[in-house]
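What follows is the residue order along each chain.
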Amino acid sequence: MNNNEMNEAMKQLRERIQAIESEQILNVLQRTTIDAVGGGVLFFTGISITQVILYGLRISVAMPVLPTLLGSIGVASSSVLVGVFCLRQHPMELEPLQLTAAATSGLLLFRLLGGRFRSLAPSDFRHPGAFAYAKRSLPATIEYADVNARAVIQSFGRLYGCHTCGTKTSKYHADHMPPVLVAKAENTRLLAKIFGHLTQNGRLNLQDFFIHVHCRYYPQCEACSNTQGALVKKNAKQLKLHVTQIRSYHFTGFWMVLFGASGLGSVFSSNNEAPPTVVQQVVLQATEVVQKPHLQLLREREELLKQELRSNTLSKESIQYIKDELSQIQRRKAEIKRLGAYK
Ligand SMILES: [Zn+2]
């Protein structure tokens, strides 16, 4: 074999190796895409079924313990489904350890993506709903909201959705929670209790003065508001499903696969420098991917609040509320930076 033939043979060999390498990369990409989309769909289906089951059992987000417990079971089992799907070609690897890892990483990711287990339960019209968060509401008096409060609630509604059904496309009412009727009845009861003490003991128990019903305004869409009115008067329980209201935590299954929780486990573990456990991989990559946009969101929100403060049209109460939220944002930013997740 002369030099020319040798060079030609080497060239062909290199081309062949390149072709095999790109084919392998393509294969991994193709498998990852199928796993991620399939895992995403399975997880979404799993948590939607959880919600329908809770609806059937008449368990609402407003009940104690049960919705949190059943919601977390729903997330864990949906994550196991994702794990099983990703290991479908290696059924021998389907061991309790793998499935526990899938459940743990799913639970962790769901929380990192802003999910709240009890929010998988349907809303009860008479109580703060699945999308009600104290930090996305305003402190309320016993009366209806004033113009300023209504304006803030309107922007909360557009940003975070109706507290009952989650819709982000509506005009929003400042929903008084607990409802004015309920709060007034409760205050009357407390007042009666205070006077009861006075007449029985001849003196007032000071503690009684510090008991009062805490009310807040939450954004509520027109449709939910209309339904709620009649139900509150009758104190009738009616639940609202919100399966079609998609939030970032609904994509937990998709991210699980991309973070190497199950399908890509073998690819990551072949790399010696990769962290040894699935959970460590997930934490490492989740902080990198999730917290960067989180910090960005905090900055945007901070800028928006500062603009609102400069507008000079706010009531004292709203100004205080905005200042409180600003200091919370600053604390959260410091926390993220301290964890070193963002460089
Ligand atoms: Zn609604």
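A short tour of the structure in this document, coming up. Predicted, not measured: the structure shown is a model, and the values here were computed from it.

## Focus: the coordination of the zinc ion
Inference 1: Of the protein atoms, only Cys162 (SG), Cys165 (SG), Cys221 (SG) and Cys224 (SG) coordinate the zinc ion, at distances of 2.2 to 2.3 Å.
Inference 2: Each of the four donor atoms around the zinc ion contributes to a set of angles spanning 104 to 116°, which defines the coordination as tetrahedral.
Inference 3: Counting residues between consecutive donors of the zinc ion along the chain gives the motif C-x2-C-x55-C-x2-C. Placement of Cys165 in the loop between helix H4 (147-160) and strand E3 (172-177) and of Cys221 in strand E4 (residues 215-221) is noted, with a sequence separation of 56 residues between them.
Inference 4: Among the residues examined, Cys221 registers a relative accessible area of 4% and is labelled buried.

## A short note on the packing of aromatic side chains
Inference 1: Taken as a whole and assessed by the stated rule, the structure comprises seven aromatic pairs.
Inference 2: Ring centres 6.5 Å apart and planes at 50° place the aromatic pair Phe43 and Phe110 in the tilted group. Highlighted residues: Phe43 in helix H1 (residues 3-56) and Phe110 in helix H3 (residues 96-112), separated in sequence by 67 residues.
Inference 3: For Phe110, a relative accessible area of 0% gives the class buried.
Inference 4: Among the aromatic residues, those joined into a ring-pair cluster are Phe43, Phe110, Phe117 and Tyr249.
Inference 5: Looking at Arg88, its charged tip hangs above the ring of Phe85, at a distance of 4.2 Å from the centre.
Inference 6: The positively charged end of Arg111 is found above the aromatic ring belonging to Phe117, 6.0 Å away from the centroid.

## A short note on the sheet that holds E3
Inference 1: Spatial strand order, E2-E4-E3: three strands in an open sheet with antiparallel pairing. The open sheet has two free edges, formed respectively by strand E2 (138-140) and E3, since each of these has just one partner strand. Adjacent strand axes in the sheet meet at a mean angle of 50°, parallel and antiparallel pairs treated alike.
Inference 2: Relative to E4, E2 is paired through three bridges, and the arrangement is antiparallel. Bridge pairing in E4 places Leu138 opposite Tyr217.

What counts and what doesn't
- Residues numbered from 1 in each chain as written.
- Predicted model: local features only at pLDDT ≥ 70, side-chain atom pairs only at ≥ 80, totals over all residues.
- Heavy atoms only, no water.
- Donors = N, O, S within 2.8 Å, 3.2 Å for Na, K, Ca; no water.
- Tetrahedral: all angles 85-135°; square planar, octahedral: opposite > 155°, others 65-115°.
- Helix = DSSP H or I, 4+ residues; strand = E, 2+ residues; numbered from the N terminus.
- Buried < 20%, exposed > 50% of the residue type's maximum accessible area, 1.4 Å probe, protein only.
- Phe/Tyr/Trp six-rings, centres within 6.5 Å; stacked < 30°, edge-to-face > 60°.
- Lys NZ or Arg CZ within 6 Å of the ring centre and 35° of its normal.
- Pairing = 2+ DSSP bridges.
- Axes fitted to C-alpha atoms, helices over the stretch in contact; angles between N-to-C directions.

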